[in-house]
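The residues making up each chain are set out below.
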Amino acid sequence: MNISSSKTLFERAQQSIPGGVNSPVRAFKSVGGTPVFIDSAKGAYLHDADGNKYIDFINSWGPMILGHAHEPVIRAIEEKAAGSTSFGAPTQLEIEIAELIKKMAPGIDLIRMVSSGTEACMSAIRLARGYTGRNKFIKFEGCYHGHADCFLVKAGSGVATFNIQKVPGVTAGVAADTLTCSYNDIAAVESLVAAHKNEIAAIIIEPVAGNMGCVLPNEGYLQALRKICDREKILLIFDEVMTGFRLAKGGAQEKFGVTADLITYGKIIGAGMPVGAFAGRKEIMQHIAPVGAVYQAGTLSGNPLAMIAGYTLLSELNAHPEIYEELEKKGAYLEKGLREVLSPKPYPFTINRVGSMISVFFSANEVCDFAGATAANIEVFNKFFHHMLDCGVYLPPSAFETWFISNAITYQDLDRTIEAASRF
Ligand code: KE4
């Protein structure tokens, strides 16, 4: 493919932006090569600065569940923008999206909007600490909850992609309150809880991990975490920034039948506009200012453009639950096709999938935690990534990221993706 414009733009970008990108994982640093600069997108397709067209399996890292430039969302933003982009004052629309989310997802009495998943997760940890009076929390190796200091300990996503063992700038003091153990190992959680009796405010988890590639919870794992939290009076926080409104209307809580104490959202609830949120029962959420003393704030929290975009997308998902069945069928079709065409290849592989979240690991073993993900053959993944990109299929540029399927993708697109993989 001719990507000369992207090459020129990347050179230029690096003169003014660190690494030429505004988020590290976009830089193709781990897969190598030049990141393609995107000019526009519509439905399931991206168009880069050289006019190349790609089938998109990043979908802005999750938000574009109904595809790019989804007509109703674009129209809603255009209309709303005419009335200004932000007021910094309360609006009826914020009530409407809050009431809609309460209708769609379990376990929510109150929800606070913020502007990113990082803000949502860091606020949820502060609230858990303020509510319990405890300082420590447990996160899982390979899980990513945004770039707040306290989360940058054995984190996934870009931290794993670049194998950053210790992030400079994160102080020992902050890291000391972050306890970690491997995903899917309930005994490890029990040991941490025993060693830090009455010190742990929360356990935060991606109920389906997407930031070490797609990794599923073992049967009963989430339920076991729920039991430990109930027994130890620890708050269970589901980070549903990726899974929320993607795995089901009620996200992972609905899919796995486990209700968390706090839930964080992002991505889909903004339909590609900057939105995050944290939510939960009133007895916890009412500790948030201005009702309680746990301070949290944001200039653009709940701004009308982001709210109307999210409200429009969520309304469609709420009204058409059949979308989730369609996404499941498309995910299963892609998984089946990839298994068929990759089997005769010289590289062992395994595929993890939940609904429209899927990952291919070049490993002979099952991948159920970060150790398994890092043991996979990254070099082969990087070759696969570039092969697929040259075939017009845009996968996440890291072995430690899940792919996202949008409902705008057609079975013809899926066949083209499978055919491209058959030529690897
Ligand atoms: P943001 O601050 O990037 O909006 O959300 C942080 C976050 C929190 N929780 C989960 C489960 C997430 O996946 C994320 C962000 N996801 C990454 C993709 N792995 C964003 C992509 C990027 O960092 O550029």
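Calculation rules
Residues numbered from 1 in each chain as written. Predicted model: local features only at pLDDT ≥ 70, side-chain atom pairs only at ≥ 80, totals over all residues. Heavy atoms only, no water. Axes fitted to C-alpha atoms, helices over the stretch in contact; angles between N-to-C directions. Helix = DSSP H or I, 4+ residues; strand = E, 2+ residues; numbered from the N terminus. Parallel < 35°, antiparallel > 145°, perpendicular 65-115°, else oblique. Left-handed = near helix turned anticlockwise from the far one by under 90°. Contact = heavy atoms within 4.5 Å. Nonpolar A, V, L, I, M, F, W, Y, C, P; charged D, E, K, R; others polar. Polar contact = N/O pair within 3.5 Å; in protein donor to acceptor, adjacent residues only side chain to side chain.

## Thoughts on the packing of helix 3 (residues 92–104) against helix 11 (residues 304–319)
Okay, so step 1: Direction vectors running N to C along helix 3 and helix 11 enclose 30°, while the axes themselves pass 10 Å from each other. The orientation of helix 3 relative to helix 11 falls into the category roughly parallel. Crossing of helix 3 over helix 11 shows left-handed handedness. When helix 3 is examined against helix 11, the residues Leu93, Glu94, Glu96, Ile97, Leu100, Ile101, Lys103 and Met104 are found in contact with a partner set consisting of Pro304, Met307, Ile308, Gly310, Tyr311, Leu314, Ser315, Leu317 and Asn318.
Okay, so step 2: Classifying every residue of the contact of helix 3 with helix 11 by side-chain character gives 11 nonpolar, three polar and three charged.

## Things to note about the side chain of Asn59
Okay, so step 1: Within the secondary structure, Asn59 is located in the loop between strand 3 (53–56) and helix 2 (71–81).
Okay, so step 2: A distance of 3.0 Å separates a polar atom in the side chain of Asn59 from the backbone oxygen of Phe404.
Okay, so step 3: Setting aside residues up to four positions removed in sequence, Asn59 forms contacts with Met64, His68, Phe404, Ile405 and Ser406.

## Points about the packing of helix 7 (residues 186–195) against helix 8 (residues 221–232)
Okay, so step 1: Orientation of helix 7 relative to helix 8, taken along the N-to-C sense of each, is 15°, at an axis distance of 10 Å. Judged on the interaxial angle alone, helix 8 and helix 7 are roughly parallel. As helix 7 packs across helix 8, the resulting crossing turns out to be right-handed. Of helix 8, the residues touching helix 7 (which contributes Ile186, Val189, Glu190 and Val193) are Tyr221, Ala224, Leu225, Ile228, Arg231 and Glu232.
Okay, so step 2: Among the residues forming the contact of helix 7 with helix 8, the class breakdown is seven nonpolar, no polar and three charged.

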